[in-house]
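Structural description and commentary
Now for the letters of each chain:
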Amino acid sequence: MDELLYGVAYYDEYMPYDRLEKDVAMMKKAGINLVRIAESTWSTLEPQDGVFDFYHIDRVLDAMEEAGIHVIVGTPTYAIPAWMEKKHPDVMAVTKQGRGIYGARQIMDITNRHYLFYSERVIRKLMEHVKDRACVIGYQIDNETKYYGTAGERVQEAFTAYLKDKFRGDVEAMNREFGMNYWSNALHSWEDFPDVRGTINGSLGCEFEKFQRGLVTEFLSWQAALVGEYKREDQFVTQNFDFEWRNHSFGVQPEVNHFHVSKCLDVAGCDIYHPTQSKLTGKEIAFGGDLTRSLKQDNYYVLETEAQGFTQWVPYDGQLRLQAFSHLAGGADCVEYWHWHSIHNSFETYWRGLLSHDFAENKTYGEAVVIGNEMKRLGSHLLHLKKENKAAIMVSNEALSGLKWFPIQGSLEQKKSYNDVVRWIYDALYEMNVECDFVSPEAENLEDYKMLILPALYCVPEETLVRIRRFTENGGCLLGTFKTAYANENVKVYHDSQPHILSECFGILYNQFTYPEDTYLEGRLCSREEKEGAEVFMECIQTKGAETVLRYVHDNWGQYAAVTENTFGKGKAVYLGCMFSPKLLKKLLEELLKDCQIHPNPGSCGFPVIVRGGRNQMGKQVYYFLNYSGEKQEAACPEGTWTELFSGETKRAGETLLLQKWNLLILEEQ
Amino acid sequence: MDELLYGVAYYDEYMPYDRLEKDVAMMKKAGINLVRIAESTWSTLEPQDGVFDFYHIDRVLDAMEEAGIHVIVGTPTYAIPAWMEKKHPDVMAVTKQGRGIYGARQIMDITNRHYLFYSERVIRKLMEHVKDRACVIGYQIDNETKYYGTAGERVQEAFTAYLKDKFRGDVEAMNREFGMNYWSNALHSWEDFPDVRGTINGSLGCEFEKFQRGLVTEFLSWQAALVGEYKREDQFVTQNFDFEWRNHSFGVQPEVNHFHVSKCLDVAGCDIYHPTQSKLTGKEIAFGGDLTRSLKQDNYYVLETEAQGFTQWVPYDGQLRLQAFSHLAGGADCVEYWHWHSIHNSFETYWRGLLSHDFAENKTYGEAVVIGNEMKRLGSHLLHLKKENKAAIMVSNEALSGLKWFPIQGSLEQKKSYNDVVRWIYDALYEMNVECDFVSPEAENLEDYKMLILPALYCVPEETLVRIRRFTENGGCLLGTFKTAYANENVKVYHDSQPHILSECFGILYNQFTYPEDTYLEGRLCSREEKEGAEVFMECIQTKGAETVLRYVHDNWGQYAAVTENTFGKGKAVYLGCMFSPKLLKKLLEELLKDCQIHPNPGSCGFPVIVRGGRNQMGKQVYYFLNYSGEKQEAACPEGTWTELFSGETKRAGETLLLQKWNLLILEEQ
Amino acid sequence: MDELLYGVAYYDEYMPYDRLEKDVAMMKKAGINLVRIAESTWSTLEPQDGVFDFYHIDRVLDAMEEAGIHVIVGTPTYAIPAWMEKKHPDVMAVTKQGRGIYGARQIMDITNRHYLFYSERVIRKLMEHVKDRACVIGYQIDNETKYYGTAGERVQEAFTAYLKDKFRGDVEAMNREFGMNYWSNALHSWEDFPDVRGTINGSLGCEFEKFQRGLVTEFLSWQAALVGEYKREDQFVTQNFDFEWRNHSFGVQPEVNHFHVSKCLDVAGCDIYHPTQSKLTGKEIAFGGDLTRSLKQDNYYVLETEAQGFTQWVPYDGQLRLQAFSHLAGGADCVEYWHWHSIHNSFETYWRGLLSHDFAENKTYGEAVVIGNEMKRLGSHLLHLKKENKAAIMVSNEALSGLKWFPIQGSLEQKKSYNDVVRWIYDALYEMNVECDFVSPEAENLEDYKMLILPALYCVPEETLVRIRRFTENGGCLLGTFKTAYANENVKVYHDSQPHILSECFGILYNQFTYPEDTYLEGRLCSREEKEGAEVFMECIQTKGAETVLRYVHDNWGQYAAVTENTFGKGKAVYLGCMFSPKLLKKLLEELLKDCQIHPNPGSCGFPVIVRGGRNQMGKQVYYFLNYSGEKQEAACPEGTWTELFSGETKRAGETLLLQKWNLLILEEQ
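Only a predicted model underlies this, so the values are computations on that prediction, with no experimental measurement involved. (Residues numbered from 1 in each chain as written. Chains lettered and ligands numbered in written order. Predicted model: local features only at pLDDT ≥ 70, side-chain atom pairs only at ≥ 80, totals over all residues.)

A few points about the overall build of chain A
- Helix and strand counts for chain A stand at 17 helices and 34 strands.
- For 670 residues, the compact-globule estimate of 2.2 N^0.38 gives 26 Å, and chain A sits close to it at 26 Å.
- Here the C-alpha coordinates of chain A stretch approximately 75 × 75 × 40 Å along the principal axes.
- Taking all 670 residues of chain A together, 60% fall into the buried category.
- A separation threshold of at least 6 residues defines the contact pool for chain A, and within that pool the share at least 24 residues apart is 73%. (Helix = DSSP H or I, 4+ residues; strand = E, 2+ residues; numbered from the N terminus. Rg over C-alpha atoms; globule rule 2.2 N^0.38 Å. Buried ≥ 20, exposed ≤ 12 C-beta atoms within 10 Å, placed from the backbone. Contact = placed C-beta atoms within 7 Å.)

Side note on the sheet that holds strand β16 (residues 437-439) of chain B
Residue and element names in this part refer to chain B.
- Ordered by their spatial adjacency, 8 strands build an open sheet running β16-β13-β17-β18-β26-β25-β24-β21, and the pairing between neighbours is mixed. The two strands at the open ends of the sheet, each matched to only one other strand, are β16 and β21 (520-523). Going from strand to strand, the sheet's axes swing by 20° on average, the running direction of each strand aside.
- Sheet topology places β21 next to strand β24 (residues 547-553); 4 bridges connect them, and they run antiparallel. Counted as the bridge partner of E522 is R551 from β24.
- Contacts from helix α17 (residues 582-595) reach β18 (477-481), β25 (561-568) and β26 (571-576), with the element oriented near 155° to β18. (Pairing = 2+ DSSP bridges. Axes fitted to C-alpha atoms, helices over the stretch in contact; angles between N-to-C directions.)

Description of the relation of the copies chain C and chain A
- Laying chain C over chain A is done by rotating through 120° and shifting 0.0 Å along the axis; what remains is an RMSD of 0.0 Å. On this basis, the relationship between the two copies can be described by a three-fold rotation axis. (Least-squares fit on C-alpha atoms with pLDDT ≥ 70 in both.)

Digging into the domain arrangement of chain A
- If you check the domain split of chain A, you get domain 1 (242-382), domain 2 (391-595) and domain 3 (609-669).
- Computed from C-alpha atoms alone, the centre-to-centre distance between domain 2 of chain A and domain 3 of chain A is 34 Å. (Domains from an automatic or database assignment.)

Focus: the interface of chain B and chain A
- Facing the 42 residues of chain B at the interface are 48 residues of chain A.
- Within the residue set of the side of chain B that touches chain A, elements represented by two or more residues are α8 (202-228) and β20 (513-514) of chain B.

A word on the pairing of strand β28 (residues 609-615) of chain A
All names here are of chain A.
- Taken across its 7 residues, β28 has 6 buried, putting it largely inside the fold.
- Bridge count for β28 against strand β29 (residues 621-627) is 7 bridges, and the pairing is antiparallel. Bridging from a neighbouring strand, R612 pairs with Y624 of β29.
- In textbook terms, the turn of a hairpin is the stretch between consecutive antiparallel strands, and for β28 and β29 this stretch comprises 5 residues, one of which, G619, has a positive phi near 80°.

A short note on the interface of chain C and chain A
- Counting residues at the interface gives 47 residues for chain C, matched by 42 residues for chain A.
- For the side of chain C that touches chain A, the secondary-structure elements that each account for two or more residues are α2 (42-45) and α4 (82-87) of chain C.
- The leading source of residues in the side of chain C that touches chain A is α4(C), at 4 residues.
- Of the residues assigned to the side of chain C that touches chain A, the class counts are 20 nonpolar, 20 polar and 7 charged. (Nonpolar A, V, L, I, M, F, W, Y, C, P; charged D, E, K, R; others polar.)

What about the sheet that holds strand β31 (residues 641-644) of chain C?
All names here are of chain C.
- A sheet is described by the order of its strands in space; here 5 strands give the open sequence β28-β29-β34-β31-β32, paired in antiparallel fashion. For this open sheet the edge positions go to β28 (609-615) and β32 (650-652), each flanked by a neighbour on one side alone. For this sheet the average axis-to-axis angle between neighbouring strands, irrespective of direction, equals 30°.
- Inspection of the sheet shows strand β29 (residues 621-627) paired to strand β34 (residues 664-669) by 5 bridges, in the antiparallel sense. Bridging across to β34, V622 finds its partner in E668.
- The strands touched by helix α11 (residues 319-329) are β28, β29 and β34; relative to β29, the strand with the most contacts, the crossing angle is about 145°.

Examining the UniProt feature "domain: Glycoside hydrolase family 42 N-terminal" (unreviewed entry) in chain A
- Within the UniProt annotation, "domain: Glycoside hydrolase family 42 N-terminal" (unreviewed entry) is assigned to residues 10-377 of chain A.
- In the segment residues 10-377 of chain A, helix accounts for 39% and strand for 13%; the C-alpha atoms at its two ends are 24 Å apart. (UniProt positions renumbered as here; feature names shortened; annotations may be inferred.)

Side note on the environment of C:L354
Residue and element names in this part refer to chain C.
- Residue placement: L354 occurs in the loop between β12 (332-338) and α12 (363-382).
- Note on L354: 24 C-beta atoms within 10 Å, which makes it buried.
- C-alpha separation for the pair L354 and S527, spaced 173 residues apart in sequence, amounts to 51 Å.
- When sequence neighbours within four positions are dropped, the list of residues in contact with L354 reads V8, A307, Y337, W340, T364, Y365 and A368.

Considerations on helix α11 (residues 319-329) of chain B
Residue and element names in this part refer to chain B.
- Of all the 11 residues making up α11, 10 are buried; the element is thus mostly covered by neighbouring parts of the structure.
- Restricting attention to buried positions, one finds in α11 the residues Q319, L320, L322, Q323, A324, F325, S326, H327, L328 and A329.
- Of the residues trailing α11, G331 is marked for its positive phi of about 110°.

What about the environment of C:R652?
All names here are of chain C.
- Secondary-structure assignment places R652 in strand β32.
- Linking R652 and N362, residues 290 residues apart in sequence, is a C-alpha distance of 38 Å.
- Every residue in contact with R652, bar those within four places of it in the chain, is listed here: C637 and T641.

What to know about the packing of helix α8 (residues 202-228) of chain C against helix α13 (residues 397-405) of chain C
Residues and elements named next belong to chain C.
- Interaxial distance between α8 and α13 falls to 10 Å at its minimum, and their mutual angle equals 140°. Overall, the two elements α8 and α13 adopt an arrangement that is oblique. As α8 packs across α13, the resulting crossing turns out to be right-handed. Of the residues in α13, those in contact with G202, G205, C206, E209, K210 and R213 of α8 are N397, E398, S401, G402 and W405.
- Considering only residue class, the contact of α8 with α13 consists of 2 nonpolar, 5 polar and 4 charged. (Parallel < 35°, antiparallel > 145°, perpendicular 65-115°, else oblique. Left-handed = near helix turned anticlockwise from the far one by under 90°.)

Quick notes on unusual backbone geometry
- Following A:F607, the chain continues into A:P608 via a peptide bond in cis, with omega recorded as 10°.
- Positioned with a positive phi, A:S40 is a non-glycine residue whose angle comes to about 70°.
- By secondary structure assignment, the location of A:S40 is in the loop between β2 (34-37) and α2 (42-45).
- At C:A456, a position not held by glycine, the phi torsion is positive, near 45°.
- Note on placement: C:A456 falls in the loop between β17 (451-454) and α15 (462-473).

Okay, here's the thing in structure tokens:
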């Protein structure tokens, strides 16, 4: 699309009375140029088996076409109608908890043949019906697809077949690789395969999760191909990816390999829900955006984000606008709210949209009017923002699964999961105004980066480790944390010196680890008086060539290194043997980034003034100065001469940029 | 009954050896003139299918008759014998958790035809056997009846039929009213009705709970009719209602519509279990009593309350007596302990009765001796206490269900339920010595009151709102809290200005609400320096004619009102947009009560000296002065000349009344 | 065995590559002279139904035989292979949670005929194969056997038969004894017996647990007999008992009657896992050891204990050695680690062995080398340590079950379980350096002791109480706590004065109890100013001849005694009516121990310097001086002349013994 999209999810189906005309008028006023429809509305689209009703779709398409508002049509498959479950009870996913009861969305077995039959039919009917409508610019296949714990008999049969294939029919090879002899779990015939839901074998468990993620890839690729049979050349296919959920979007999604699924999409899309009010930091917006942008290394769509959302998310004055432009600052070409109005019944009555239950012009809608019109005015300067980041974080669904089965455990009360470590690192970079990409363990382009970060890359194939070692040897800067390179892709712990293959690269080894009770850190970056504590988990690192940057302060563990630094080939490798405070982490990163000549975005000393940038479609450098605080802030205008886009004013190097609370400026180079 | 009843539940069935004669002697000594028997003893009464054994009943009736002790006979239906479940496994309720396992009480499907068959037979046999016994003064049907989550196939069929009826066969009407289109839940044929246990639709979920409460009404009405076929004219039918349980009796019962059930009863009865020792406040006694008295607008029976109870309930010296007279102060004509002795086996071994396991005269029994003899002596002055309260609280099972599905949510960690708000208001009035009644949303007698209070009346039909508006217009004083009049009786949020219909009456509207992070209140009743915080949840109120009593102190929310006051017709309407401290609430209530000329009971500045009163059967004003503290307290003798009933002393206006710790005085006008 | 055993569990089956030769060499270096094999490896031993494969067993036996390392062979029955569950799904235990899913260990019904058939066959095959191997010194039957909640149909049929037998066919006798009339649970025909998993009757529930413990006794006795058919005279049979688990070994095992099972064993064995690092106190080592030693009143084997274990258990320098000798100080003749290496897959990947995942010589292994060689050098002085303790604690599975059903409850938030009380007493004695034995309620040898302690002996048959009374009358010193002698062996509360039978012996009675809110203690041992609080639960004790040692300080409870002392016959009986601080408990014990002339081990003022002792096989007194702290400590050399075994130095009375941090000395009399 050659324009910024500012949109809402719109459900004519949920309206308590006919609102369409009035709603379109309010959208126009707010500069809204996009609606997403049809997603999750199967029961109105196909009220009975084989009976289709395009009433709501047609009237919305007509209205939008007339109003000049674009439409993304969602396939309705993520919530099944009751008649389907009545006719084919086997469409329900059987999970560890057994068979579910009909009611919610996302309760079906995405491999079930009846579900797939009905899905195919409704998608074909829908595509035939809408594909030629001028207002339809693209399609969203399903929504926030995951595997919903599906583990019924058929799924397990397919899993056994998959394993047979993986191990070329040799069950003893599986026993060895997965360590099945333990607790008498070894199989000596594929026919003996037990219900995998009961397994206590982490290798088998993780493999099953990987297999389940593969089901999501298959399912979405199949939908994309189906839609592809119909869609016009100028229409795109996207998906609405979501992230690990901790009452808001938090980290890498456990149930989907976003990198794999993205191959079938034209545009990567996602939803980002985040704390706001005094807790608005922009972190989730940036994290989710950077991850989604990295999938296709291109601009992306934010297909859902909150308008009012939950009670505790109602934005302060200015925040809705700050949020919208924060998405653009990450490279989004689309910001879409879930959803237009607040629903009057059912489950998400209090996940409120742009409009409240009374449909009146409330404060939040009022701010959307400002945003929409600014986007219209400035769109050509903001569209297709391109970044050339020099730092990359390697993220891995497999490491996440591995550390779910084998958590980073300190004392019994203290556990850290994979995403805790990912966000520990990412958030520090974010607060320092260092932008980064994400890469998968399969990435072949490591050399595009100066710095590669491995947060808790627990289980990883040797070929990736070899690639990482080469990256370092060739001059890259490598930063690895504890629990990296500990196990192979089958979650079998490597039985030589840890970290496997990278031991030489980091110039260290260790074979004991424990938890840091009253253990502090000292060394180049802090003295023992500062009481910087080792946190949660600590490895007892012995240097083999590396320099000790920080060592433990403890009666028993004082003999070991906590953080080390090593020269390897033309490169450099830093290893973090334990977790510690973000403050200390930023000190360490600052040093390291200087070393490898990665410069933070200019003009700010860091959070709460966040600077994000890139080049727009005219090839001009653009910087967003975002103030995530309730206080006025200042920033320094970077080198050069700039136009501040909202005001049109010229800003020159050295000038002070005044940022109002929860507000932003955008500089474009002249 | 024309005498005060002082009783115990008596289970000859549970005795480790023959105690009857000794027990009767000890009862007589303690002035006990009532026992309740037979409740929950089905397996001894009907040891095998169709075999009846009246051994225990007969011998207790004989003994009581001889001793002149009254008997309430309970139908035994709330605990089924094992043989019934063996023969008809379908008597067990199927709930969200599936079918239960036999063992506990209250595990059956109260609509099951086998259960009903056996219930009818045992009730008829029992009634035939006992109805002519002189000592039998009345019957308790079942016990603490609820619906026990019953949701099996038959129940669901009945529910579908009920809905068909409610919507006159029009499934689309249901879709619209319940918002079933959401997440593809719409039904286009009644045959597609899915298992309601899985529903995520709050409207459907609440309707099912209402239907289930209806099952309780049906079941108890059926039992009452059955008993009615046999009972003598001078015998009554009662039920032992219980309340929302929070380790003690707390609030409105979610599973029973007490107002509806009461229609089939002659006397309303309840059980009240409450904290004691340093936590004895009298609140639960007053709350449960006021609610039960309101059901039939008449005196009521406390059919169960604790003697020793749990470990933490063993009363301090004086407390058992204070408690007993507190019940009478609320209008109870009967105080009965659960139970006489402490059971030597099974589940409630440590829910101890008046006697301990050793059957000796312990401290608690010693105090009962005092109480029983005082009741006998003063009974005619205390019986049939009548109240003419001028304030009423409207309570609603529907609002309770609605706010269970859609809790009053602030931050993620903070939730308030319906009863939290009801008790917030009730407890403030109680502490101020203002007595009140309860009314249901169906009440036609609102004009009997000067003041009507609506705590979180979340979902409510328009006709009730119209009645409330009229009450105000005609000169009533209305106090409404946040979350009132937000949804209709089908838990469909009203789509115009909130609060629906009452918006004009309160002179306000709002369409946003959030949670009060560091948000304080200021205005007529407190300054910002007092740091009175808004708590849990807050509505952003815009006045439309109302005066702002309190506004929010907050950088972003300072523009909104928190508490408002409006003149409407001849009346007045105060709206509370958020929760706050009981202290501030009492300040506000004080002002408002003065305005509408409701006067607290005289003589005390409030808790811990509680004054409750009414007119006795001689038409004389009576005041109880209750000291709920471990310290001596003073009160002032009200206007007039009084007899203190315990001592017989005359007290005159202005005299100081000395209240010993955990003790009371009773004044009767001369 | 006539040598100290220092061993490891060894699993050739779990090795990622062939390690045997290297491992044996490392073992020899460390002085390891024992491995335990085969336990839990059924799927490698019998890869398919009836196909046996002794590959791993043979090669390990060959290697060990050659190396002169002893072998304990474990029967593999505690983890079933997948083929068995595939063929006979009914081998899985049906529990309260229903049927489990295959995967973990300890999931089978130990009474299932298929499981028993396969168990018998594999044991016979295994025994035939290994019995004549010279290196095999004994057998471990199963492992950490429990009943795994087994409660399927067959088990319940057997339970009904057991009850019929217990009550000689008289179902009414059961009703009476168990109080089944309550809540209509009475049965009037054995055929009506309902699913016991649903019972709310504590007597029935406890009886079922007793029955289930009986199943464990039966199962293990059957295995012992089977093994006994084959084993050589010089080979022993043992079991690896474990304890109540609270993230480490804590107290009396709820699911096994260790006293009963031990009858079928030649040597009692156990595993002990305990906190270490700053939390290493030696308490669990001593407790588990004393309990296991008491089973056969003989030396015992520690068949599993941690080497590195969990993250938080990695020992500080010196601790592995301190731990090993602590076991010997309790009378262990064997210390064996679970396990040799750290496993590379599956469930217990991070329950690390002596070697880490890299198999290199790590710190922990380095310390084992020291230990093993010291044991070899000093073994003859340390083997077969005999104790003659004068204090005994009576422990009871039945009391544990009883107090699980009826917890020691104070306020709602506060509960104490049986083992809390047992450890409260035990730990105080331990810290005072007073060693003790454990006895069962069936013990006939009470007269062997000067002092008998009854911690919360809740339910207990009258014959035991009579025996205890006689013990006291004859001059014994009796110490009983609250909740002792309250119910009979059928968990029927005694209906006369509490404590039953012992009321006279203690010179007290009580019939009320409550919880101690702001309740303090005063009397001979402390003044009210010291604010020694009564904790959790308190009985309102009236003395009948006893002297009050401590009374409650409380406005309402001040009239009652808290701790009493009585002379009874030639003996003395002290009763504790509530819990209180360990400090006050030790004061009380100190007085009492002096009275009955029990002397703590000499040389230390108590924890952290623990002194444990006994006589070695040469008949010489030996004392271990154990320093459980990270600071140097001093102790005093006891009367006499001694050889310090590690250094060979002579120590004389009055000399100061210097104990390095986490270190020990051993004195043997000259």
